[in-house]
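This is what each chain is made of:
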Amino acid sequence: MVKLMQQSWWKLLAIFLLCYTVVGGLLFAVPRLNILNETIRNLYYHVPMWFGMIILFTVSLVYSILYLYRGKLSDDLMAVETANVGLLLGVLGLLTGMIWANYTWGSPWNGDPKQNMSAIALLIYFAYSILRASIPDPTKRARISAVYNIFAFFSMIPLLFVVPRLTDSLHPSNGGNNGFVVYDLDNQMRLVFYPAVMGFTLLGLWISSLRIRLRLIFDPNYNHSSL
Amino acid sequence: MPRLLKEIVWLIRKDLLLEWRQRYALNGLLLYVSATIMVVYMSVLQLKPATWMAMLWIILLFVSVNAIAKSFLQESAARQLYYYTLVQAEAVILSKILYNTVLLLVISLLAVLAYSIVLGNPVQHKGLFFWAIVLGAVSFSNTFTLVASIAAKAGSNQSMLMPILSFPIIIPIIALLLSISTASITGKDSNFNNNLQVLLTINIILPALSYILFPYLWRE
Amino acid sequence: MLWNSLLWILWQTSNTPEMADALRQSGKIYVVVAVILVIFAGIIFYLFRIENQLKKYERHSQHLN
């Protein structure tokens, strides 16, 4: 794993994809829509934050399961650092979403289900950090927080399937708001959107890999473990 | 399996006996409920049906968190170590979940009774409402029992950890319970069956996860 | 809210929604692209410097083991 983290090809790929996102996201044609106008380009920068957050939280979940399975302290390190960067992306997604919502929906917080859902996901992972901070012993901390991570992750299932449908969403493809469905189907936008998701996720993994390698060397709790 | 079942029955009897001997815990919870209801009554006096339901679930949420938080704290670490030599970890968590379900059912029903007396009851479909309360007690018990054991194992400041760890997890479940129980006032809407299915699914997944994960907490 | 709905009515009456066409025609959008790319390049440069420092320490700690 350390070998893969040290390799640069995927970091160069991240840089390439993100440069493409900046250039293509600002210059390529986008659908002309009311209310949104040019802000529709936020889709390339705001939404990938959420995708990146969910992907990083999923990686964190996988390593928590692995920790309980084989008890390697380095798996715990992977779990916590991916969760930390997931939180970073999540907070950025929330802030950018509030800015965008303020301009297009009229206020930063509209009780929109997707917004609420992301806020809950953030609360869960902040609770995860607080739980970790309250346990001094490293192996005990790893075990207990892994259990919480797994339990909390699966308790978010209703968020994904139901709560968004409890009320009408202002986000696309949830009914209401016809104008917004258009960009869901726009192929031109997908050409930038998917690379953007990949680029931001890889950037997140890169940052977490830096912290993991740093702690493997300098953190006395981890520097005897190997990946 | 018979061994597991026997151990569960033994543990539940033990918990019931303990509860009966130290009645102050149960009485404390009932006092907590009454005081909270009085606080709601004194601050609003009259409630719209939707707010009535929301307030009820908030009261039940706080009571449940307090009731379950103590489930792993009542007994000393030494005594828990003693149980460890006697029974399987799976029996411990399943018995706690079952016991907490019964405890919450009793407290919830008493709370609803007191709440209806003080603040009135706008419910139209009594049966549906009753089952929503039962489902609430089951959901709270399934969710909070493992979190309580996590908070208890974390050591120093359990009383603060319990709400921090459990509230984010319970929010989506509360939202489902609220929409299901509100149907007892306004009638079922198109989402009703769907929400009920997801809530039941969650109530299968969470105890199953507790069953799988608890041995990792218990082991030390 | 009021301002938004007012603008919305305005756009409804014209044929197509208003976009930043002038910004594109004058080529000034490239200034924005350039600025963002420079900032991004700076951040990447910094990340790679951390990366290289880390590699040095990693080599060092491998010698110790």
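Preceding block: the structure.
Keep in mind the model is a prediction, meaning the values are calculated, not measured.

**Q** Go over the overall build of chain A with me, naming the residues and quoting the values.
**A** Helix and strand content of chain A: ten helices and zero strands. Listed by position from the N terminus, the elements making up chain A come as α-α-α-α-α-α-α-α-α-α. Counting the 227 residues in chain A, one finds 56% classified as buried. Across chain A, contacts joining residues at least 24 apart in sequence account for 73% of those joining residues at least 6 apart. Surface accessibility of chain A: about 9,400 Å² in total, with carbon and sulfur atoms responsible for 69%.

**Q** Which residues make up the interface of chain B and chain A, and what values go with them?
**A** Listed as interface residues are 33 residues of chain B and, on the opposing side, 26 residues of chain A. Put simply, chain B and chain A have three residue pairs in polar contact (both at pLDDT 80 or more) between them. Listed by contribution, the elements that provide at least two residues to the side of chain B that touches chain A are helix 6 (126–154), helix 7 (158–186) and helix 8 (192–218) of chain B. Here the element with the most residues in the side of chain B that touches chain A is helix 8 of chain B; it accounts for eleven residues.

**Q** Could you give me a rundown of the environment of B:Asn27, with the residues and numbers involved?
**A** Counting through the fold element by element, B:Asn27 comes out in helix 2 (residues 23–44). Here the alpha-carbon distance between B:Asn27 and B:Lys48, two residues 21 residues apart in the chain, equals 30 Å.

**Q** So what's going on with the pattern of salt bridges? Residues and values would help.
**A** Enumeration over the complete set of coordinates arrives at twelve salt bridges over all chains. A salt bridge links A:Lys11 to C:Glu51; its shortest N-O distance comes to 2.7 Å. With one member in each of two chains, A:Lys11 in helix 2 (residues 9–27) and C:Glu51 in helix 3 (residues 29–64) form a pair that bridges those chains. Judged by relative accessible area, A:Lys11 falls into the buried class, the value being 1%. Where B:Asp15 meets B:Lys96, a salt bridge forms, and the shortest distance between an N and an O atom there is 3.5 Å. Within this pair, whereas B:Asp15 is found in helix 1 (residues 2–21), its partner B:Lys96 is found in helix 5 (residues 89–119), the two being separated by 81 residues in sequence. Each member of the pair B:Asp15 and B:Lys96 is classed as buried. Among the ionic contacts, a cluster of salt bridges with common partners joins A:Lys11, A:Arg213, C:Glu51 and C:Glu58.

Conventions we followed
Residues numbered from 1 in each chain as written. Chains lettered and ligands numbered in written order. Predicted model: local features only at pLDDT ≥ 70, side-chain atom pairs only at ≥ 80, totals over all residues. Heavy atoms only, no water. Helix = DSSP H or I, 4+ residues; strand = E, 2+ residues; numbered from the N terminus. Buried < 20%, exposed > 50% of the residue type's maximum accessible area, 1.4 Å probe, protein only. Contact = heavy atoms within 4.5 Å. Areas by Shrake-Rupley, 256 points an atom, 1.4 Å probe, with all protein chains shown as cover. Polar contact = N/O pair within 3.5 Å; in protein donor to acceptor, adjacent residues only side chain to side chain. Salt bridge = Lys/Arg side-chain N within 4 Å of Asp/Glu carboxyl O.

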